[in-house]
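Breakdown of the fold
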Amino acid sequence: MARKIYFTTPIYYVNAEPHIGHLYTTALADMLKRYHVLAGDDVWFQTGTDEHGEKIVQVAQKQGVTPKQFADGISGKFRDAWDKIDIAYDDFIRTTDARHVKYVQDVLDKVHASGDIYFDEYTGKYCVGCERYLTDTELVDGKCPDHQTAPKEVKEANYFFKMGKYQQQLIAHIEENPHWIRPERFRNEVLSFLKSPLEDLCISRPKTRLEWGIELPFDDKYVTYVWFDALLNYPSGLTETSRGENRFDQYWSGCNHLIAKDILKTHAIYWPTMLMSAGIPLFKQLDVHGYWMVGESKMSKSLGNVIRPLSFDAAFGIENLRYFLFKEMKFGADSSFTYDLFVERYNSDLANGLGNLLARNAGLVAKNFGAIPAHQPLTDAENAVAAKAKEVLDAYRSNFESRQFAKSIEDVCALIGETDKYITLMEPWKMAKDESKKGDLARVLRCGLEVCRVAAVLLSPVMPKKCAEILEYLGEKRPLDGSVALEELAAFGALADGIEIDKPPRFFPRIDEAALSQITEQMMAEADAAAKAAAQREIEPIKEQITIDDFAKVQLKVGRVVEAYPVEKAQKLIRLMVDVGEENPRQIFAGIKSHYPRPEKLIGQNVIVVANLKPREMKFGLSEGMVLAASGDDRLVAATVLGAAEPGDGIS
Ligand code: MSP
């Protein structure tokens, strides 16, 4: 019976564009879906974007757009990236979708009605990067260890979810289901966290502080805390898919979350307790992977080392990257990406490995037979290769099921390596010169091609397009959609006879040093430029809001510059004499020297002066006010008024 499985990725925050870290979890879900379909299961796969919360408001403000406009842009970029690289998701959810908003409000109503939500005053340390309150034990030197920033103290009246109430039930569930959280080290981490009393969870934000969120159905002065909202995407998207179907009953019982270790606590603690309270059955499986580093460093825009899926695809092919990522990362452990390592693995496993085995054998078949020759009785040497192929196939399912797929990829590599040795030993190129050895030649080349076919079936979840091309080339027409059993498809000996074989295309051309350095330099330069541009474009965030009364305290006046000259001994200062309609002009020092190399040009200009600023004694004299200037990137321009205005005119 086909199992029903529901794979989910985290829904990604829309404060950053997709990078190799997001790609990993998303491609992992895609690979697991393809494996399970191949193995005969029925799979649903959902990904999406997480669009509410303070983090998004902050970036949108910097860009001068509304949070929704900002979210639309980045969410579209995620979707576009996944579409361009053929991620086979079944649905894409956004937390701003009406279907999701309704679901969240329904759950909140239910949990509220059951008495699991109460109102209270709270003081806590909030990390905007994590979008959650951190406990003192989580802080390192007073900072969030993940974001290296000090959390802000927040004191507010809010709604709380009785998370602590479910602590024992959660511990019991983890203990009774030893594989519920995999790998074991993360299960242990969660259990050890649960040794201390579990605090209740603050699940609201007052609209006076944050408006961007889902309104609480029982209090319109509050919005829902972003994690309480986001986690519910998993059932909300199934209950109403974007095509309007309800697939909850079909797939929820097979729910398998895929996440990285950064969001373990929210998924292993907040989420199951929320489900318990809402009366929704718990998810079936939580699989947690490690973090990708770039070399020794964390990926970051400012380091200019962020790897973007689409740029990588254009340079080296996304499927080759998938191969590298899935083979290199042992499930649960951190791993490091470098271009050099990628190229080394690609050249040895794909160009020299599978690619070469295929090219060698298919080349000789094309030259000597023009089609795949008929099956010949096997000798011990081919039987040994066949036995190895069977061994690899036998371990394949269990490796994938336990998420040790890296082991399966290594097994396929080892099979290719052994077959290569076998071919070298058999020397078919010598057989080809001897007419009497045609039968032997056919047997040996068939064996080589058979292994390529088996390898392409087994690697098809990892490199779907490339493997489909290889299978088509070898005349394997059976679909990989579960309608033919995996064991039949990947059985050694199933290669068809008589398929015409042309000279093989170069499925995996070698990447040489020169091409590597050219492309990596280009990509690095692009990343650097993007990082610099992003840093330069940084727009000053809006500060704490003020009232009209606060503003009324500032008295602005039109001033006319009557004298202007550089202060010799000061790097930045210009001395201005400004007529603000008083008896005498005022002396004002302005830090705009580098932008006004000929200050006398300012004479006669109307400027805006803060007239009631307390005079300040400076090294060069008294400064009696301040002249306003517009600043941004490298610019600094004195602010003026449009049209006719006279010194001393008020500005309000
Ligand atoms: N919005 C929350 C998740 C809500 S799920 C209900 C969030 N978003 S995120 O954009 O920060 O994505 C975090 C996830 O992105 C990680 O759990 C992982 O899946 C992926 N990765 C981001 N950077 C990564 C690495 N450097 N390495 C591996 N995966 C990483 O948290």
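Remember, predicted model here, so these are calculated numbers, not experimental data.

Structural notes on the site of the ligand
Within the structure, the ligand sits among 23 residues, and I11, T25, D50, D262 and W292 are positioned closest to it. At a separation of 3.4 Å, a nitrogen atom of the ligand approaches a polar backbone atom of G21. Taking D50, its side chain carries an N or O atom lying 2.7 Å from a nitrogen atom of the ligand. For the ligand, whose accessible area on its own is 670 Å², the fraction buried by protein is 93%.

Some points on unusual backbone geometry
The amide bond that connects R182 to the next residue, P183, takes the cis arrangement and shows omega of -10°. The residue P183 is located in the loop between β8 (181-182) and α6 (184-193) in this model. With a phi angle near 55°, E131 is a residue other than glycine that sits in the positive phi range. By relative accessible area, which is 1% here, E131 ends up buried.

Thoughts on the packing of aromatic side chains
One pass over the structure, following the stated rule, counts 41 aromatic pairs. Measuring from ring centre to ring centre gives 6.0 Å for F119 and Y222, while their planes differ by 85°; the resulting arrangement is edge-to-face. You can see F119 sitting in strand β5 (residues 117-127) and its partner Y222 sitting in strand β12 (residues 219-224), a full 103 residues away along the chain. Between K438 and the ring centre of F369, over which it is positioned, the NZ or CZ distance is 5.2 Å.

Observations concerning the environment of V451
With respect to the helices and strands, the residue V451 is situated in helix α17 (residues 438-459). Its relative accessible area of 0% is what places V451 among the buried residues. Non-local contacts of V451, meaning those with residues more than four positions away in its chain, are made with L357, V385, L415, T419 and F492.

What to know about the packing of helix α14 (residues 380-401) against helix α15 (residues 405-426)
Contact geometry for α14 and α15: axes closest at 9 Å, N-to-C directions at 175°. As summarised for this structure, α14 and α15 are arranged roughly antiparallel, according to the angle between their axes. Only F405, K407, S408, D411, V412, A414, L415, E418, T419, Y422 and M426 of α15 make contact with α14, whose side of the interface consists of A381, E382, V385, K388, A389, V392, A395, Y396, N399 and F400. A class-by-class count of the residues in the contact of α14 with α15 yields 13 nonpolar, three polar and five charged.

The rules we used
- All chains use their own residue numbering, which begins from 1 and follows the written sequence.
- Reporting of local features is limited, given that this is a predicted model, to residues whose pLDDT is at least 70; pairs of side-chain atoms are given and counted only at 80 or more, and all residues count toward the totals for whole chains, interfaces and linings.
- In computing side-chain values, all of the structure's heavy atoms are included and hydrogens and water are not.
- The near set for a molecule or strand comprises every residue that places at least one heavy atom within 4 Å of it.
- N or O atoms within 3.5 Å of each other form a polar contact, as long as, within protein, one can give a hydrogen and the other can take it, and as long as residues adjacent in sequence are counted only when both atoms are side-chain atoms.
- Accessible surface area values rest on a Shrake-Rupley calculation with a 1.4 Å probe, where residue burial reflects the displayed protein chains alone.
- Labels follow the DSSP assignment, with helices taken as runs of H or I lasting at least four residues and strands as runs of E lasting at least two, numbered in each case from the N terminus.
- Summary of the burial criterion: residues with accessible area below 20% of their type's maximum are buried, those above 50% are exposed, and those between are partly exposed, where the area comes from a 1.4 Å probe applied to protein chains only.
- Pairing of aromatic rings covers Phe, Tyr and the six-membered ring of Trp, with a centre-to-centre limit of 6.5 Å; geometry is then stacked below 30 degrees between planes, edge-to-face above 60, and tilted otherwise.
- Geometrically, a charge over a ring is one whose NZ (Lys) or CZ (Arg) sits within 6 Å of the ring centre while staying within 35 degrees of the ring normal.
- Contacts are assigned to residue pairs with any non-hydrogen atoms lying within 4.5 Å of each other.
- For helices, the fitted axis covers only the stretch in contact; all axes are lines through C-alpha atoms, and the angles between them, taken along N-to-C directions, range from 0 to 180 degrees.
- Just so you know how the angles are binned, under 35 degrees is roughly parallel, over 145 roughly antiparallel, 65 to 115 roughly perpendicular, and the rest oblique.
- Put simply, Ala, Val, Leu, Ile, Met, Phe, Trp, Tyr, Cys and Pro go in the nonpolar bin, Asp, Glu, Lys and Arg in the charged bin, and everything else, Gly too, in the polar bin.

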